[in-house]
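# Understanding the architecture of this molecule
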Amino acid sequence: MRFVLRRLLLFVVALLAISVAVFAMLRILPGDVAAVMAGVNSPPERVAQLRAELGLDRPLPVQYLDWCGALVRGDFGTSMLTGRSITTQVGARAAVTFPLIILGLVIAMLIGIPLGCAAALARGRRSRAIYRLVSIIGGAIPALWGGMLLILLFGRGVGLLGVLPSQGFPTSGWGTPGAALASLALPALSVGVIVGASLMRYTRSALGEFVASGYIEMAMSCGMTRTQAVLHVGLRLAMPQMVSVVGLTFAEMITGVMVIENLFALPGLGTGLVTDVGNRDLIAVQGELFMLAAFFLLIGLVVDLAHRALDPRLKASADGNEVSA
Amino acid sequence: MNDANGYAAVVLRSMWRRASGRFPLMVIGLWVLVSVVSLFWTPRPLMQTDGYHTWQAPSAEHWLGTDGTGADVFSWLMAGSRTNLIIVILTVLVAAALGLLFVAAMVSRHTVLAGASVVVVDALISIPTVLIALVLAVPLGASVAVIVIACGFGYGLNLARVARPQALLVARSAYVESAMADGASGAYVLFRHIVPNILPVMLVQLSLSAGTAVLAESGLTYLGVGVPSGTPSWGHSLATTVRFISVYPLTVLWPGLVVTVVVVALNLFGDALRDAIDPVTNPALRQGTGVSGKEDGHGR
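Residues numbered from 1 in each chain as written. Chains lettered and ligands numbered in written order. Predicted model: local features only at pLDDT ≥ 70, side-chain atom pairs only at ≥ 80, totals over all residues.

### Some thoughts on the overall build of chain B
The number of helices and strands found in chain B is 11 helices and 0 strands. Secondary structure elements of chain B occur, N-terminal to C-terminal, as α-α-α-α-α-α-α-α-α-α-α. With respect to the three principal axes, the spread of C-alpha positions in chain B is 75 × 55 × 30 Å. Taken over 300 residues, chain B has a buried fraction of 46%. (Helix = DSSP H or I, 4+ residues; strand = E, 2+ residues; numbered from the N terminus. Buried ≥ 20, exposed ≤ 12 C-beta atoms within 10 Å, placed from the backbone.)

### What to know about the overall build of chain A
Looking only at helices and strands, chain A has 13 helices and 0 strands in total. Secondary structure elements in chain A, listed N-terminal to C-terminal, are α-α-α-α-α-α-α-α-α-α-α-α-α. In chain A, which comprises 325 residues, the proportion classed as buried is 38%.

### Looking at the confidence of the model for chain A
Residue and element names in this part refer to chain A. Averaged over every residue, the pLDDT of chain A is 79; the share at 70 or more is 89%. The secondary-structure element of chain A with the lowest mean pLDDT is helix 13 (residues 312-316), recorded at 66, while helix 5 (residues 86-121) shows the highest, at 88. This model gives residues 318-325 a pLDDT under 50, and the stretch forms 13 contacts once residues within four places in sequence are excluded. (pLDDT = per-residue confidence, 0-100. Contact = placed C-beta atoms within 7 Å.)

### What about the nonpolar core?
Within the largest apolar cluster, 163 residues are counted, with the highest numbers of intra-cluster contacts made by A293 of chain A together with A133 and I147 of chain B. If we ignore the near neighbours within four places in the chain, the residues touching I147 of chain B are I87, A133, A216, E217, L220 and G226 of chain B. (Core = buried A, V, L, I, M, F, W, Y, C linked by C-beta atoms within 7 Å.)

### A look at the interface of chain B and chain A
Facing the 37 residues of chain B at the interface are 45 residues of chain A. Within the residue set of the side of chain B that touches chain A, elements represented by two or more residues are helix 4 (111-124), helix 5 (129-140), helix 8 (186-222) and helix 10 (249-277) of chain B. Here the element with the most residues in the side of chain B that touches chain A is helix 10 of chain B; it accounts for 9 residues. When grouped by side-chain class, the residues that make up the side of chain B that touches chain A number 26 nonpolar, 10 polar and 1 charged. (Nonpolar A, V, L, I, M, F, W, Y, C, P; charged D, E, K, R; others polar.)

### Comments concerning the packing of helix 5 of chain A against helix 8 (residues 177-211) of chain A
In helix packing, the relevant descriptors are the interaxial angle and the interaxial distance, both defined with respect to the helix axes. Residues and elements named next belong to chain A. Viewed as axis vectors pointing N to C, helix 5 and helix 8 meet at an angle of 35°, and their least axial separation amounts to 5 Å. Of the two elements, helix 5 crosses helix 8, and the hand of that crossing is right-handed. The residue makeup of the contact of helix 5 with helix 8, split by class, is 25 nonpolar, 7 polar and 1 charged. (Axes fitted to C-alpha atoms, helices over the stretch in contact; angles between N-to-C directions. Left-handed = near helix turned anticlockwise from the far one by under 90°.)

### Remarks on the confidence of the model for chain B
Residue and element names in this part refer to chain B. Within chain B, residue pLDDT values average 82, and 91% of them lie at 70 or more. Across chain B, the secondary-structure element scoring lowest on mean pLDDT is helix 11 (residues 293-296), at 40, and the one scoring highest is helix 3 (residues 73-106), at 91. Considering only residues more than four positions removed or in separate chains, one finds that residues 289-300, a stretch of pLDDT under 50, has 18 contacts.

### Focus on unusual backbone geometry
Residue and element names in this part refer to chain A. For A265, which is not glycine, the phi dihedral falls at a positive 55°. Topologically, A265 is positioned in the loop between helix 10 (226-263) and helix 11 (269-278). The exposure class assigned to A265 is partly exposed, which follows from the 14 C-beta atoms found within 10 Å.

### A closer look at the environment of S79 of chain A
Residue and element names in this part refer to chain A. If you trace the backbone, S79 turns up in the loop between helix 4 (60-72) and helix 5. Residue classification places S79 among the buried residues on the basis of 22 C-beta atoms within 10 Å. Residues S79 and A284, spaced 205 residues apart in sequence, show a C-alpha to C-alpha distance of 5.2 Å. With near-sequence residues (within four places) excluded, S79 lies in contact with R84, I86, Q89, D281, I283 and A284.

### Focus on the environment of V22 of chain A
Relative to the elements of secondary structure, V22 of chain A occurs in helix 1 (residues 2-28). Residues V22 of chain A and R308 of chain A, spaced 286 residues apart in sequence, show a C-alpha to C-alpha distance of 30 Å.

The structure is reproduced here in C-alpha cells:
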C-alpha cells in the first residue's frame, strides 16, 4: 500500500513537472512564437495583436497558472488554425493512432515472444548467432525504410502482392470497420516488425537469466524436459519483467508510429502533432504534448503497479524501500 | 595516461580477434574514413543537378545512380556520413555528460537531492525522445541541434538509470568512505572512483545509443524536425527519395541499407565491447595488469 501511494504521488509530481517543462520550453526558448505564427513579412502591429490574442503579453507565471486552471477543467483550448477544440481534434486522431499502436503491439508480441523463447532455448553456436543477428538487424531497420519495403511488397497498385491499401484512412472512419482495419494493416505490420525485434531481444535476455538458474534445474530434476521447464517455469518467472518491457516498448513505439503515420498518410496523433509543429500552432502543440506526455506517464504508472502485483518477490522484500523498485 | 592507452589497446585487440568484433570495427573505421574523404572529394559536386538525367540507374558515371534532381546519390551518401558522424559524436558526448550529472546527483550523500533526482529521472524517462524533439523544433526549427539535444537528453537519462546500481555500490563502499574522511571532494570521488567503475557499463550503453541516434536522425529528418533540407545526411537522402520507392526502388535502396548496416555495426560493437572489457569473458585482461599488450597478442 505504501508503495502504491508513493507511486501515485510520483505520478502527480511528474505530471506537474511535465506541465512546467512543456510550458517553459515553448515560451522561454528563443524565437518569438507570435512573430512566427503571424508570418515573415507581417507588420509589427499584427504581431502585437496576435500576442495579445494568445495572452503572450502577460507575465509568464500568470500565463502558466491560467493554462493549468484550464487543464484542470479539461479545457485544452482551441486550435489557432482549424478553430476546433483541441480535445475534439485529439479524440478524432486518437481513434486512428490507438488501434494502430495496439495492433502493432499484438503483431510485435506474436513475432517477438516466440522468437525470443526460441533464441533463449537455442544451444548451438550457429543457431544462437543467427537468432542474435535476426534481432539486431530487425532493430536496425529505419521505420521509414521498412514501411516502404512493405508497401513495395503488399501495397495495392504498387506492390508485388498488391492486396492492401497503403495510403490514407477511410473518410467514414470506423463506420466502415473493414476498410478502416485494412488501411491499418500495413502500418501496423511495419511498426510490429520493428518493435518485435526489440521485444525478441528483451524476451531472450529475460529468459536467459533463468535458463542458467536453479529454478530450471529444479524443474528438470522433477521430470520436465529443458524446453518444458523454460517455457512453463522460465516464462512464468520472466512474466513481471516482460510486462515492464511491453509497457516501455509501448512508449518507445510512438517514434516509429509517428514516422509510419506520415508515411501511410494516416490522420493520427503523430501526423497531427507534426503538422501543428510545422504550423507553429502553439496552443495545439502545447495541449497535445501535455496529453501525450501524461499518457506515457500513466502507462509508466500502470506498468509499475502491474509489475508489483505480478511479482510476489518484490512485495516480500521491504515494501516501498526504493521508489524505483 | 599510458595505462589507459595500454588498456584500450588490449580491449581493441581482443575485439579485432573475433569476427563479431572485427566487422563493426571495420564498418566504423570505413565510416570515419569516408567522412574525412568527403570533406575534400566526392565523385560529383553535391549541388550539381541535371534535369535531363533524373532517377538514373547505377552507371560508371553515377555509381549508385541519381535522385529526382539528377544529383549523384553516392556523393550525397558520402557527404551524409560526416553529418551523421558529427550527430552521433555530439549526441554521445551530451548523453555521457548528462548521464554522469544525473548519476552524481542520484548517488549523492545529500539525501533530498538523491531522492529527488531518482524521482525526476524516473518521470522523465517515460517521455519519448521524439516528443522532446518536436517541442524543441517549435523555437529552433529543423536543425542538427534538435536531434543532438533531444537524443542526448533521452539517452543520458537511460544511461543514468543503467549505471546507477553500480555507481551506488561504489559510492557507499569503504574506500570511498575513507577517501571522504580524508577530505576528498565530491568531484574527486566521482572522477577518481565512480567513473572508472561505471565506465564499462557507460561505454556499452553509449555505443547502443549511437546506433539509436542514427535511426533517430532518419526518423526526425523525415518528420521535418531533424537535419534541415539541403544538408546532406543519410536520413535526408532517405526522406527525399522514399516516396518514389515503388517507381525507382534501386535509388531508395542505398540510404536505407547504409543506415541498417551502420546501426547493426554499432549494436555489434556494443556487444563485442561488453565481452572485451569484461575480465570474465576476456582472459587478456586477467593477465597481470593487462598492460603487457605484446604478449597478449599471441595468447589464446
